[in-house]
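Structural features, examined
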Amino acid sequence: MNKFIIAGNWKMNMNANAGEALAESINSKLNEKKFIITENIKENIRIIVCPPFVTIPTVANKLNSLNNTIYLGAQNCYYEPKGAFTGEVSIEMLKSAGCEYTIIGHSERRSIFGENDELINKKLLALLANNMLPILCIGELLEERQSGYTFNVLERQLDNCLKGVNKEQIVDIVIAYEPVWAIGTGISATANEIVEAHDWLRNYFIKHYGAQGENVFLLYGGSLNDANASEIFAIENVNGGLIGGASLDADKFTSIVISASQLL
Ligand code: PGA
């Protein structure tokens, strides 16, 4: 039985009103497709939306008022529990606002905000300690791929970001493989490139975590949309997607979810 996670990363888009309307629209479109009431689908596809921090409570209230099966995630967090960290948001704050997932290590956080593997590792360990599920993003730059270093980069990112994680904890971590050159460009990796990367990732997790490594969710991200979702989700070691641009359009996001449901 395939299981999928379909996560929408709204990035810095949608104010509270727009976010509320988007969440409502996704929910009603899924309902129209009888998505919510089909138990098999409900149990086997986890849908997550990750709004900007400040709009999370509004989106959470809206989702709670509806008959929905959509989970909430944040796009970032800080690892300290509280204190003099101007501009940062703690994991406990995100939990109390209704988040069950937090994206960490996104390439935009790495490249624009200078986050490195060591910081991402601290965030990851803090998330696990607080029973929040991390969505850890990894991926190579175009130059790294072109010079044949893709797997060295992935290995370094995983070794560093997962330091201190044990076999029991590994299944709580969702991995999003996002080749940086495919993010927001409209050009996703090819099916062959995704097969190769996800097979490598599966082997990495089995090698380091034994049988538990079989159960780690491996999402693909990078220009995933309603036109390519079916092909990408059909790949053996792809367990869903992290979607940016297409997650801001209720029709496209719903259609991506439906593509996964057709593979159950
Ligand atoms: P994209 O973004 O779908 O717009 O390429 C994906 C991501 O950054 O997670």
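The following refers to the structure shown. Since the structure is predicted, the reported quantities are computational estimates derived from the model, not experimental observations. Residue positions within a chain follow its written sequence, with the count starting from 1. Only residues with pLDDT of 70 or above have their local features reported here, since the model is predicted, and side-chain atom pairs are shown and tallied only from 80 upward, although totals for entire chains, interfaces and linings are computed over all residues. Note that the side-chain values use all heavy atoms of the structure and ignore hydrogens as well as water.

The immediate surroundings of the ligand are formed by 13 residues, with Lys11, His106, Glu178, Gly184 and Ser223 found nearest. As used in this structure description, the phrase polar contact means that two N or O atoms lie within 3.5 Å; if the pair is within protein, one of them must be able to donate a hydrogen and the other to accept it, and residues adjacent in sequence are counted only when both atoms belong to side chains. Contact between the ligand and His106: an oxygen atom at 2.6 Å from a side-chain N or O atom of the residue. Between Gly244 and the ligand, the recorded distance is 2.8 Å, taken from a backbone N or O atom to an oxygen atom. Taking 290 Å² as the accessible area of the ligand by itself, protein coverage stands at 95%. Consider each residue's heavy atoms; a residue with any of them within 4 Å of a molecule or strand counts as near. Working definition of accessibility: Shrake-Rupley area with a 1.4 Å probe, residue cover restricted to the visible protein chains.

Think of it in three bands: with a 1.4 Å probe and only protein chains considered, a residue is buried below 20% of the maximum accessible area for its type, exposed above 50%, and partly exposed in between. What counts as a helix is a DSSP run of H or I of at least four residues, what counts as a strand is a run of E of at least two, and both are numbered from the N terminus. Here strand β7 (residues 218-221) shows no split at all, with Leu218 and Tyr220 on one side and Leu219 and Gly221 on the other all buried. What joins strand β6 (residues 174-177) to β7 is helix α10 (residues 191-209), and the crossover it makes is right-handed. Only strands that DSSP links by at least two bridges are regarded as paired with each other. Bridge analysis of β7 against strand β8 (residues 240-243) gives 2 bridges, and the strand direction is parallel. By the bridge assignment for β8, Gly221 is matched with Leu242. With the strands aimed away from the viewer, a crossover counts as right-handed if its path from the first strand over the helix to the second runs clockwise.

All right, on to the pairing of strand β3 (residues 70-74) then. Regular strands show a simple pattern: their side chains alternate between the two faces of the sheet. The element β3 is extensively covered by neighbouring structure, given that 4 of its 5 residues are classed as buried. Regarding topology, helix α3 (residues 56-65) serves as the crossover connection from strand β2 (residues 45-50) to the parallel β3, and that connection is right-handed. Of the pairings in the sheet, the one linking β3 to strand β4 (residues 101-104) comprises 2 bridges and is parallel in character. Among the inter-strand pairings, Ala74 is bridged to a residue of β4, identified as Thr102. In this fold, the crossover linking β3 to β4 by way of helix α4 (residues 91-96) has right-handed handedness.

Strand order in the closed barrel made by the 8 strands is β1-β2-β3-β4-β5-β6-β7-β8, with parallel pairing throughout. Pairs of neighbouring strands in the sheet enclose a mean axial angle of 25°, with direction left out of account. In this structure, strand β1 (residues 4-9) lies alongside β2, joined through 6 bridges in parallel fashion. Residue pairing in the sheet places Ala7 in a bridge with Ile48 of β2. In this analysis an axis means a line fitted to C-alpha atoms, helices contributing only their contacting stretch, and an angle means the value between N-to-C directions, from 0 to 180 degrees.

With that settled, consider the packing of helix α6 (residues 117-129) against helix α8 (residues 150-161). Where α6 contacts α8, the two axes come as close as 8 Å, and the packing angle between them is 45°. One finds that α6 runs oblique with respect to α8. Along its contact with α6, which presents Asp117, Ile120, Asn121 and Leu124, the element α8 presents Arg156, Gln157, Asn160 and Cys161. By the convention adopted, Pro, Cys, Tyr, Trp, Phe, Met, Ile, Leu, Val and Ala count as nonpolar, Lys, Arg, Asp and Glu as charged, and the other residues, Gly among them, as polar. Residues of the contact of α6 with α8, tallied by class, amount to 3 nonpolar, 3 polar and 2 charged. For classification, angles of less than 35 degrees are called roughly parallel, those exceeding 145 degrees roughly antiparallel, those between 65 and 115 degrees roughly perpendicular, and all remaining angles oblique. The contact rule is simple, with two residues in contact once any of their heavy atoms fall within 4.5 Å.

By convention, a stacked pair of Phe, Tyr or Trp rings (six-membered ring in the case of Trp) has centres within 6.5 Å and planes under 30 degrees apart, an edge-to-face pair has planes over 60 apart, and any other such pair is tilted. If you walk through the whole model with that rule in mind, you get 9 aromatic pairs. Plain terms: the ring middles of Phe205 and Tyr209 are 6.1 Å apart, the flat faces sit at 25° to each other, and that makes the pair stacked. Placement of both Phe205 and Tyr209 in helix α10 is noted, with a separation of 4 residues, approximately one turn of the helix. A positively charged side chain is recorded as over a ring if its NZ (Lys) or CZ (Arg) lies within 6 Å of the ring centre. The angle to the ring normal must also be within 35 degrees. Over the ring of Tyr71 we find Arg46, and its NZ or CZ is 4.1 Å from the ring centre. Between the NZ or CZ atom of Arg109 and the centre of the ring of Phe113, over which it lies, the distance is 4.2 Å.

Any functional reading would require information that these geometric values do not contain.
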